[in-house]
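A look at the structure
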Amino acid sequence: MFSKSSWRSILLSTAALLTLGITSQSAHADIPDENYQTILSHLLTSVVPPKLDAFHTATNDLAETMDDFCSDPDQSELKDAQTAFHEAMDIWQELQPWRMGPMVANGRDQHIEYWPDKHGTAARQFRKLMFDKPAAYTDPEKLAGASAALQGFPALEEVLFDDKHAEQMVAANEDGIFLCQYGAAIAINLGTLSGELQADWPEFAKAMRNAGPESMDYPTAKFAATDLYRALHEGLLIISSQKLARPLGDNAQGARASRAESELSERSLRNIEHNLIGLFAIYDGKWGDVGQEGTGLAALIDSSLLDRSFRLNWKTVSDAVADLPPSVSELYAQPDGYAALAGIKEQIDFLTTLVENDVGGNTQLGGGFNALDGD
Amino acid sequence: MKHQRRGFLKLIGVGGALTLLPTSITRAASPPAIEDRAVYIAASAGNNGDYYVSAFNASGGILYEQPLPGRGHDIGLRPNHVDVAAVERRPGLYGLILDRHTGNVRAKLHCPENRRFYGHAVYSHDGRYLYITENDFDQARGVVSVWDAQDGYRRVAEFNSYGTGPHELHLMPDGEHLVIANGGLHTHPDQDGRTPLNISSMEPNLSIIDRRTGKLIYQAALKHDWHKLSIRHLDVTANGMIAAGFQYQGDITDQVPLVGIWHPGGDIRPIEAPDTVQVRMRQYCGSVRFDTSGQVFAISCPRGGLVTFWDAQSNDFLTHIAAPDGCGLAATNRTGEFVGTSGLGNSWRMDAIRRKRVELPDDSHKSLQWDNHLRRMNT
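Because the structure is predicted, anything quoted here is derived from the model rather than measured.

Regarding the overall build of chain A
Along the backbone of chain A there are 15 helices and two strands. For 375 residues, the compact-globule estimate of 2.2 N^0.38 gives 21 Å, and chain A sits close to it at 22 Å. Dimensions of chain A, computed from the C-alpha atoms along their principal axes, are close to 70 × 55 × 45 Å. Out of the 375 residues in chain A, the part that is buried amounts to 56%. Taking the intrachain contacts of chain A between residues at least 6 apart in sequence as the baseline, contacts between residues at least 24 apart amount to 78%. Split by element, the accessible area of chain A, about 14,800 Å² in all, is 51% carbon and sulfur. Once the 28 positive and 55 negative side-chain charges of chain A are each reduced to a mean point, those two points are 5 Å apart.

What to know about the domain arrangement of chain A
Residues and elements named next belong to chain A. Here chain A is described as being made up of domain 1 (4-30 + 220-365) and domain 2 (53-196). Put simply, the middle of domain 1 and the middle of domain 2, counted by C-alpha atoms, are 29 Å apart. Roughly 2,000 Å² is buried in total at the junction of domain 1 and domain 2, and carbon and sulfur atoms are behind 58% of that figure. Taken together, the links from domain 1 to domain 2 amount to three salt bridges. Among the salt bridges present, the one from arginine 267 reaches aspartate 90, with a minimum N-O distance of 2.7 Å. Across the domain 1-domain 2 interface, the total number found is 16 residue pairs in polar contact (both at pLDDT 80 or more). Every element with two or more residues in the side of domain 1 that touches domain 2 is listed here: helix 10 (221-248) and helix 11 (268-284). Per-class residue counts for the side of domain 1 that touches domain 2 are ten nonpolar, eight polar and nine charged.

Looking at the pattern of salt bridges
Counting across every chain of the model gives 44 salt bridges over all chains. For the salt bridge of Arg311(A) with Asp284(A), the shortest nitrogen-to-oxygen distance reads 2.7 Å. Note that Arg311(A) is positioned in helix 12 (residues 304-322) and Asp284(A) in helix 11, a separation of 27 residues in sequence. Taken as a pair, Arg311(A) and Asp284(A) share a single burial class, namely buried. For Asp373(A), the salt bridge goes to Arg89(B), with nearest N and O atoms at 2.6 Å. Residue Asp373(A) is located in the segment after helix 15 (369-372), and its partner Arg89(B) is located in the loop between strand 5 (83-87) and strand 6 (94-99); the two belong to separate chains. Using a relative accessible area of 29% as the deciding quantity, one classes Asp373(A) as partly exposed.

Points about the domain arrangement of chain B
Residue and element names in this part refer to chain B. When its domains are assigned, chain B resolves into domain 1 (1-68 + 273-379) and domain 2 (69-201 + 209-226). Taken together, the contact pairs 16 residues of domain 1 with 23 residues of domain 2. Summed over the three residues of domain 1 that lose the most area to domain 2, namely Leu68, His373 and Arg375, the buried surface amounts to 35% of that side. Counting across the interface, domain 1 meets domain 2 through three salt bridges. A salt bridge links glutamate 168 to arginine 375; the nearest nitrogen and oxygen atoms lie 3.3 Å apart. Put simply, domain 1 and domain 2 have eight residue pairs in polar contact (both at pLDDT 80 or more) between them. Sorting elements by how many residues they give to the side of domain 1 that touches domain 2 places strand 28 (residues 369-377) first, with six residues. When grouped by side-chain class, the residues that make up the side of domain 1 that touches domain 2 number nine nonpolar, three polar and four charged.

Structural notes on the state of the cysteines
Evaluated as defined, the whole model comprises one disulfide over all chains. Here Cys70(A) connects covalently by a disulfide to Cys180(A), the sulfurs 2.3 Å from one another. One quick way to see it: the torsion about the S-S bond of Cys70(A) and Cys180(A) is about -100 degrees, and its sign makes the bridge left-handed. Here Cys70(A), found in helix 2 (residues 33-71), pairs with Cys180(A), found in helix 9 (residues 174-209); they are 110 residues apart in sequence, far enough to count as distant. A relative accessible area of 24% means that Cys70(A) is categorised as partly exposed. The thiol of Cys285(B) is unpaired, and the distance to the nearest cysteine sulfur, on Cys301(B), comes to 4.5 Å. Classification of Cys285(B) as buried rests on a relative accessible area of 0%. A relative accessible area of 0% places Cys301(B) in the buried class.

What to know about the pairing of strand 11 (residues 154-160) of chain B
A regular strand places its side chains so that they alternate between the two faces of the sheet. All names here are of chain B. Pairing of strand 10 (residues 141-148) with strand 11, which is carried by six bridges, proceeds in the antiparallel orientation. Looking across to strand 11, one finds that tryptophan 147 is bridged to arginine 155. Between strand 10 and strand 11, which pair antiparallel one after the other, the connecting turn spans five residues, and glycine 152 there sits at a positive phi close to 65 degrees.

Observations regarding unusual backbone geometry
The residue after Trp115(A), namely Pro116(A), is reached through a cis peptide bond having omega 0 degrees. Secondary-structure assignment places Pro116(A) in the loop between helix 4 (108-112) and helix 5 (121-132). In the segment running from Arg90(B) into Pro91(B), the intervening peptide bond is cis, with an omega of -5 degrees. Along the chain, Pro91(B) turns up in the loop between strand 5 and strand 6. For Arg282(B), which is not glycine, the phi dihedral falls at a positive 55 degrees. Secondary-structure assignment places Arg282(B) in the loop between helix 2 (275-280) and strand 20 (288-290). Backbone geometry at Asp325(B) places phi at a positive 55 degrees, although glycine is not the residue there. Relative to the elements of secondary structure, Asp325(B) occurs in the loop between strand 23 (317-322) and strand 24 (326-331).

So, the interface of chain A and chain B
Taken together, the contact pairs 42 residues of chain A with 47 residues of chain B. In total, chain A and chain B occlude about 3,700 Å² of area from one another, counting both sides; carbon and sulfur atoms represent 45% of this. The largest contributions to the chain A side of the interface with chain B come from Met216(A), Phe369(A) and Asp375(A), which together make up 25% of the buried area. For the pair chain A and chain B, the interface holds eleven salt bridges. Taking the shortest distance from any N to any O, the salt bridge between Arg232(B) and Asp375(A) comes out at 3.8 Å. If you look at where chain A meets chain B, you find 29 residue pairs in polar contact (both at pLDDT 80 or more). For the side of chain A that touches chain B, the secondary-structure elements that each account for two or more residues are helix 4, helix 5, helix 10 and helix 15 of chain A. Here the side of chain A that touches chain B gets eight residues from one element, more than from any other, and that element is helix 10 of chain A. Among the residues making up the side of chain A that touches chain B, the classes are represented as 17 nonpolar, 17 polar and eight charged.

Points about the environment of Pro166(B)
Residues and elements named next belong to chain B. Inspection of the secondary structure assignment puts proline 166 in strand 12 (residues 166-171). In sequence terms proline 166 and aspartate 83 are 83 residues apart; their C-alpha atoms lie 23 Å from each other. The contacts of proline 166, once residues within four sequence positions are left out, are Tyr118, Thr133, Glu134, Gly142, Val143, Ser161, Ile180, Ala181, Asn182 and Gly183.

A look at the sheet that holds strand 26 (residues 347-351) of chain B
Pairing between the strands of a sheet is mediated by backbone hydrogen bonds and can be parallel or antiparallel. Residues and elements named next belong to chain B. Taken in spatial order, the four strands make up an open sheet running 24-25-26-27, and their pairing is antiparallel. Two strands bound the open sheet, and with one partner strand each, they are strand 24 and strand 27 (356-359). For this sheet, the mean inter-axis angle between neighbouring strands, taken without regard to orientation, is 30 degrees. The pairing of strand 26 with strand 27 spans four bridges and is antiparallel. Residue methionine 350 lies in a different strand from strand 27, and its bridge partner there is arginine 357.

Rules behind the numbers
- Residues numbered from 1 in each chain as written.
- Chains lettered and ligands numbered in written order.
- Predicted model: local features only at pLDDT ≥ 70, side-chain atom pairs only at ≥ 80, totals over all residues.
- Heavy atoms only, no water.
- Helix = DSSP H or I, 4+ residues; strand = E, 2+ residues; numbered from the N terminus.
- Rg over C-alpha atoms; globule rule 2.2 N^0.38 Å.
- Buried < 20%, exposed > 50% of the residue type's maximum accessible area, 1.4 Å probe, protein only.
- Contact = heavy atoms within 4.5 Å.
- Areas by Shrake-Rupley, 256 points an atom, 1.4 Å probe, with all protein chains shown as cover.
- Lys, Arg positive; Asp, Glu negative; His and termini not counted.
- Charge placed at Lys NZ, Arg CZ, Asp CG, Glu CD.
- Domains from an automatic or database assignment.
- Buried area = accessible area lost by both parts, 1.4 Å probe.
- Salt bridge = Lys/Arg side-chain N within 4 Å of Asp/Glu carboxyl O.
- Polar contact = N/O pair within 3.5 Å; in protein donor to acceptor, adjacent residues only side chain to side chain.
- Nonpolar A, V, L, I, M, F, W, Y, C, P; charged D, E, K, R; others polar.
- Disulfide = S-S within 2.5 Å.
- Pairing = 2+ DSSP bridges.
- Axes fitted to C-alpha atoms, helices over the stretch in contact; angles between N-to-C directions.

As structure tokens, this is what we get:
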């Protein structure tokens, strides 16, 4: 993990860049709309679909693994199911920040992962579920019409990673059999949701790609590309204000690891690591082995120095997150754990500032007279 | 918790060509050939910290630009008179009475030292009194000041707004009552006058007061879970139905309604758009405006760059039209039609029934950034 002083020195280097005059392009000529069009086309039709395919595959694998586990429940099969959960969750966490179109249609993102659960809805409903054990919740189709809090990753996490539930399933007692069938239904439902997402995406991508004066949704490619910029910006805000601020609380005394996302499966910081991968794809245009470097929003930035600086800053922060243990509770168990998490939040906030000033300004996507300063 | 938005998927307007409207509204829609002879007026800004009240015709041609000492907000129209009132946005100090035909200054209003204007003003039906929302910042309470237009715009009274951070206000159809959107946010000029100081404890409400006595007649608030929904803008139909737009002060991903309907005496009924639109509203509504028939209302969402349209009878979401940085809205003389303006300089004629957006043809209006609100003046 790198020190606070080292990332602050990077901030200074960016300030130095700005002093040298490598500033916002907003004072320059308008970026041609076709430049935005190229980025939209690349990201939405070449980069995202393979990731949606991978997510669908991972959720189907999860469903198969759950089925195997329930057929012959033992510790080894449980471990396989937990591994399949993590693999599907890794891809979901990369997709999660792309909050647009089919991702949010019909509450899909919330059905996939209902979080944050500010009122403890899931825990309350889960207790009632275990008391009643209604058969409908073991039927994937009926489960799809149930509460969002009981049909996505957090519900499956409760089934697979709670020690008591794991013991019950391996013991195959009455509660365990219900839990296993319920977990299997959740996994199948996740496969259905990811399949719907995969199927709905092309039409949405087409609408964005075909931006123009006749479109009532996207009158210009620039306007459509604003959704990409917003996803990048809001993704960082969500990491800071929810995924980090909630477990941090107001101070060290008020810190609670249990308020972090996916803490039961001990992957709250691993989630952020994957969020950053998905978010950086918006900027870079390359996502794992898909796409090409420099074909995302970065293609609109006409200063190679500023681009390099942004990449360096992003890498510094994402490396710092990757160096942390996978969960907040594990980090808090370390002597300087709280300070380390607070430091990560500061770094994410710093990245947010860079996105607002450097990316928003140079891509001409971050402005708006009424949008930025309304009343 | 069952996802609540599913019940609102009742339109084909998202991505479709035509909105499904009640047949009564569709029949009432007039052909687009009729010339709108109205003049539109709004606060505006140039590119160098210069601010104006500007008027343009139905084609978008600028008629005049009257410089302002600071950024304006909304314009109050004095019935059957040349006066219009431009009040500085919060924390405002100036108010100007302008000639609606020329923009010339006819009178000046000075905010008391311990008050700040909040950008909105409305006249009584007879045009005699002007009502302005203000912040009594030391007491953290909202007030409505009363100015006598027949007595040189003398400040003659001040009423409690029955809330904090009052913003838009309207006269009710009976002409005897004012409805006030108390946004709930406390601000103080010593702390820039705009930064909210009480988000955790804010209590927005809609209040109706007697315009002559200041007595509270009705008041309604949202449930406590939604206390961070700042109720900021509203419009009223001829039958007294109120539509309100909210601005959320909580998390980006919180699922909260952004629009409410209020029949005074009852509760505020929250309504939502389908998820794909609701997310694009970005937790923030700008202007609220009923169309000329009172059957459709529009709510702009400048952060999301779209205008949403709603059925005033069923309260269902109808459709949306993209409007980058669009905020100002005024009803034209046609059912379901509005003129909208944007901070990017665009002005459009938007037809909620045909889901159509047409740029006003005269480019002279594009030289300005159009501020949050737009008013239509009959000629």
